[in-house]
Amino acid sequence: MNAKVHYPTLPGNWWLKRPSYLRYMLRELTCIAIGAFAILLVFALLRLGQGAEAWQAFRAALATPLAIAWQLVALVFALYHSVTWFALAPRTMLLQIGTRRVPAGWIAGAHYLSWVVLSAIVLVLSGA
Amino acid sequence: MNAVSQASPSAGQGARIVTIDVLRYRPEQESTPSWQSYAVPCCEEWTVLDALNHIKDHLDGSLSYRWSCHMAVCGSCGMMVNGNPTLSCKAFMRDLPDRISIAPLANLGVIRDLVVQQNRLLDGLLAVKSWLIPRELPPRDDQYRQTPAQLAKYRPLTMCINCMLCYAACPQVALNEGYVGPAALALAQRYNLDSRDGGALERMQTTASDDGVWECTFIGECSEVCPKHVDPAGAIQQMKLASSLQWLAQRAPGGSSS
């Protein structure tokens, strides 16, 4: 290796250098909220198993202003997470009809459709 | 007129003076790169490469950079224009402000001025065996046959011109010296998807290793900057899927444990 070659170093704030890097970092950050909400759901099951009193106490804790604010933040993060990943999904799926690749909109659309259908099923099951 | 003036036409009347800041590196006289400004009278029809040629021919012959075809085919003239990985022959002065910066492609070793090391890509191509590993011997008439649909599957990936803009756009290239990199991985997938090829498992030795596709975090900038719309990021995610399925297949009942 030539000793006189200059090797640049990547600054620690590289993710602030381009808007796309920042959007990527935000997308990655959303998984923390998603993970935390998944843990909350598991905890909800635990409380449900402990009987009606424990369940009501859990529900009351969720209804405090702080808890509602957190759930709203988690909702925004979940939406950003879903939308960004649905947008990327067509590039991961190599589907072809004849000599043409299936349009990205179809694949992303199928994801949104599944989202709506699954949400509707959950709503029906929960008696909403 | 001689060849030099053909290569860099004089801007003539009505030229706009553009200040071009070039990040220079002359290893015989400096240990780190430094900026140098040039006032260049530019035609609006010029590309950034034309402006560089003007500097080289009329202002400062010591400026070093690579170029060849001037038509976005050879992939030689990649550099950072205003911080964006760009083919300088494809960036028109009319789209740029009165002051621009030009630096060598990011994340790569700088040999001199705008000339960067290419070994990252070249070593990567070797590591992933970016060539046809025949699935079987050719038929008796000595030709491999392929349907238009089979060709369409990998054809977009063949458009790569090895310009390395994707390496300059990818922070993972800088963060992990061993990472094979977007273009080499895309060209591995180009052969994986080829109906004549049987080398996907062999390539996984590298592509599914710690320096392969799993280093990619799908930032996606490699595909954004690609002048040939190759979409290395998409190809890498497809290989992650193939690598995962292979991992599962090895552990499934009756699967090979090798």
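Quick caveat: nothing in here was measured; it's all calculated off a predicted structure.

Thresholds, definitions, all that
- Throughout this document, residue positions are counted from 1 along each chain, in the order its sequence is written.
- All chains are assigned letters beginning with A, and all ligands numbers beginning with 1, in the order in which they are written.
- The predicted nature of this model means local features are confined to residues of pLDDT at least 70 and side-chain atom pairs, given and counted, to a pLDDT of 80 or more, with totals for whole chains, interfaces and linings taken over all residues.
- The basis for every side-chain value is the complete set of non-hydrogen atoms in the structure, without hydrogens or water.
- How far each domain reaches was decided by an automatic or database domain assignment.
- Any two residues having at least one pair of non-hydrogen atoms within 4.5 Å are treated as being in contact.
- Once two parts are brought into contact, the accessible area they lose, counted with a 1.4 Å probe and summed over both, makes up the buried area.
- Salt bridge criterion: a side-chain nitrogen from Lys or Arg within 4 Å of a carboxyl oxygen from Asp or Glu.
- Polar contacts, as counted here, are pairs of nitrogen or oxygen atoms within 3.5 Å of one another; within protein the pair requires one atom able to donate a hydrogen and one able to accept it, and residues that are adjacent in sequence qualify only if both atoms are side-chain atoms.
- Going along the chain from the N terminus, every DSSP run of H or I of four or more residues is numbered as a helix, and every run of E of two or more is numbered as a strand.
- The patch calculation keeps residues exceeding 30% relative accessible area without a salt bridge and links them within 9 Å when they carry like charges or within 5 Å when they are nonpolar (Val, Leu, Ile, Met, Phe, Trp, Tyr).
- Here the accessible surface of atoms and residues is derived via Shrake-Rupley with a 1.4 Å probe, and residues count as covered only by protein chains that are part of the display.
- Nonpolar core, defined: a set of buried Ala, Val, Leu, Ile, Met, Phe, Trp, Tyr and Cys residues in which side-chain atoms within 4.5 Å join the residues together.
- When a residue's accessible area, from a 1.4 Å probe over protein chains only, is under 20% of the maximum for its type it is buried; when over 50% it is exposed; and in between it is partly exposed.

A.B. asks: Before we go on, may I ask you to explain the domain arrangement of chain B in this structure?
C.D. replies: Many descriptions give the size of an interface as the accessible area lost when the pieces come together. Residues and elements named next belong to chain B. Here chain B is described as being made up of domain 1 (9-116) and domain 2 (119-251). The C-alpha centroid of domain 2 is placed 31 Å from the C-alpha centroid of domain 1. The partner domain 2 presents 16 residues to the 15 residues of domain 1 that form the contact. Buried surface at the junction of domain 1 and domain 2, both sides included, amounts to about 1000 Å², of which 65% is carbon and sulfur. The three residues of domain 1 that bury the most area against domain 2 are P85, N107 and L108, which together make up 46% of that side's buried surface. Across the domain 1-domain 2 interface, the total number found is zero salt bridges. At the junction of domain 1 and domain 2, the tally comes to five residue pairs in polar contact (both at pLDDT 80 or more). Counting residues per element, the ones that place at least two in the side of domain 1 that touches domain 2 are β3 (78-81) and β4 (84-87).

A.B. asks: Sorry if this is basic, but what is going on with a nonpolar patch on the surface here?
C.D. replies: Residue and element names in this part refer to chain A. On the surface, I68, L72, L75, L79, V83, Y112 and W115 cluster together into a nonpolar patch covering about 590 Å² of accessible area. Breaking the nonpolar patch down by element, the ones donating at least two residues are α3 (65-92) and α4 (104-125). At five residues, α3 tops the list of elements feeding residues into the nonpolar patch.

A.B. asks: Is there a simple way to explain the nonpolar core in this structure?
C.D. replies: It is characteristic of soluble globular proteins that their nonpolar side chains tend to be buried jointly. Residues and elements named next belong to chain B. Ranked by internal contacts, the top residues of the largest apolar core, which has 64 residues, are I20, M93 and Y167. Counting contributing residues per domain, this core is built from domain 1 (9-116) and domain 2 (119-251), each supplying no fewer than three. Those residues in contact with I20 that sit more than four places away from it in its chain are Q36, S37, Y38, V40, A51, I55, I100 and I102. Judged by nonpolar contacts, the second largest core, of seven residues, contains Y154, L157, C226 and A235.

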